[in-house]
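Architecture at a glance
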Amino acid sequence: MRDLKEDEEIERAIQYLVHSFESSGDNPKPVILHSTRVGMDLYDRDYEKRIVISGLLHDLVEDTDETSDEIRSKFGEDVANIVEATSFDENIDDYLERQYDMYERCFELGRSAVAVKAADILDNSDYYGLGDSEELQKNQIEKMEYFIDKSEPYIGEEDILRELNDKFPSVKERVKNSES
């Protein structure tokens with residue numbers, strides 16, 4: 001059961017998310033909506049406040065001028081570490097290598113980062129198959145399968161991984177059909 005203080009902190013994170021995208025967001029996709037869905041998915045699953053806030057803020061470093069240090073000063077070390085782990089390294093050019101590097105950092109950090117990334121993948125997978133190339137679509141399936149396979153030690157008993165596993169065949173089928 002949540003308390004008022006936790007909800008106020010989560011609402012502060014949502015306000016920060018929206019302000020950050022309004023002032024410096026550079027992704028044409030509806031990232032505020034996506035990030036809110038990720039955070040609220042974690043909230044509805046009763047994850048701890050720091051994990052919910054990390055889910056809300058997980059795309060800030062990638063898609064705005066916000067830095068890990070700014071997140072750290074506003075929301076603490078744990079949240080900043082999770083956001084860092086779930087953000088891709090823009091210095092890595094290869095799409096899959098960049099994804100695998102991010103996943104490995106999530107696995108190193110542990111359950112909290114893996115749960116956030118799982119919620120992120122769950123939400124993003126609704127759009128797999130809409131990519132502009134067959135290679136991107138193939139890579140989306142490959143990275144999802146890789147993440148699911150490696151996540152067992154971290155979130156194996158949690159509903160979020162079961163849902164990813166259950167969703168994977170339909171995502172794979174949708175991507176396959178979009179290639180035709």
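Everything numeric here is computed off the predicted structure, so don't read it as measured data.

Some words on a negative patch on the surface
Together, Asp93, Asp94, Glu97 and Glu135 make up a negatively charged patch on the protein surface. Tracing the sequence through the fold places glutamate 97 in helix 7 (residues 95–109).

Digging into the pattern of salt bridges
Considering all chains together, one arrives at 15 salt bridges under this definition. The salt bridge partner of aspartate 123 is arginine 37, with a shortest N-O separation of 2.6 Å. You can see aspartate 123 sitting in helix 8 (residues 111–124) and its partner arginine 37 sitting in helix 2 (residues 31–44), a full 86 residues away along the chain. Taking the relative accessible area as the measure of exposure, aspartate 123 reaches 10% and is therefore buried. The partner of glutamate 48 in a salt bridge is arginine 111, with the nearest N and O atoms 3.2 Å apart. Here arginine 111 lies in helix 8 and glutamate 48 lies in the loop between helix 2 and helix 3 (49–57), a separation of 63 residues in the sequence.

Definitions and limits used
- All chains use their own residue numbering, which begins from 1 and follows the written sequence.
- For a predicted model such as this one, the threshold for reporting local features is a pLDDT of at least 70, and the threshold for listing and counting side-chain atom pairs is 80 or more; totals across whole chains, interfaces and linings nevertheless cover every residue.
- With hydrogens and water stripped out, all remaining heavy atoms of the structure feed into the side-chain values.
- Surface patches are drawn from residues lacking salt bridges whose relative accessible area is over 30%; two like charges belong together within 9 Å, two nonpolar side chains (Val, Leu, Ile, Met, Phe, Trp, Tyr) within 5 Å.
- Under the convention used here, a 1.4 Å probe and the Shrake-Rupley method define accessible areas, while residue burial counts only the protein chains that appear.
- Salt bridges are defined by distance alone: a side-chain nitrogen of Lys or Arg within 4 Å of a carboxyl oxygen of Asp or Glu.
- Within this scheme the basic residues Lys and Arg register as positive and the acidic residues Asp and Glu register as negative, but His and the chain ends are omitted.
- Where a charge sits is defined by one atom per residue type, namely NZ (Lys), CZ (Arg), CG (Asp) or CD (Glu).
- Note on conventions: DSSP H or I runs of at least 4 residues are helices, E runs of at least 2 residues are strands, and numbering of each starts at the N terminus.
- The buried label applies to any residue whose accessible area, calculated with a 1.4 Å probe on protein chains only, is under 20% of its type's maximum; exposed applies above 50%, and partly exposed to all values in between.

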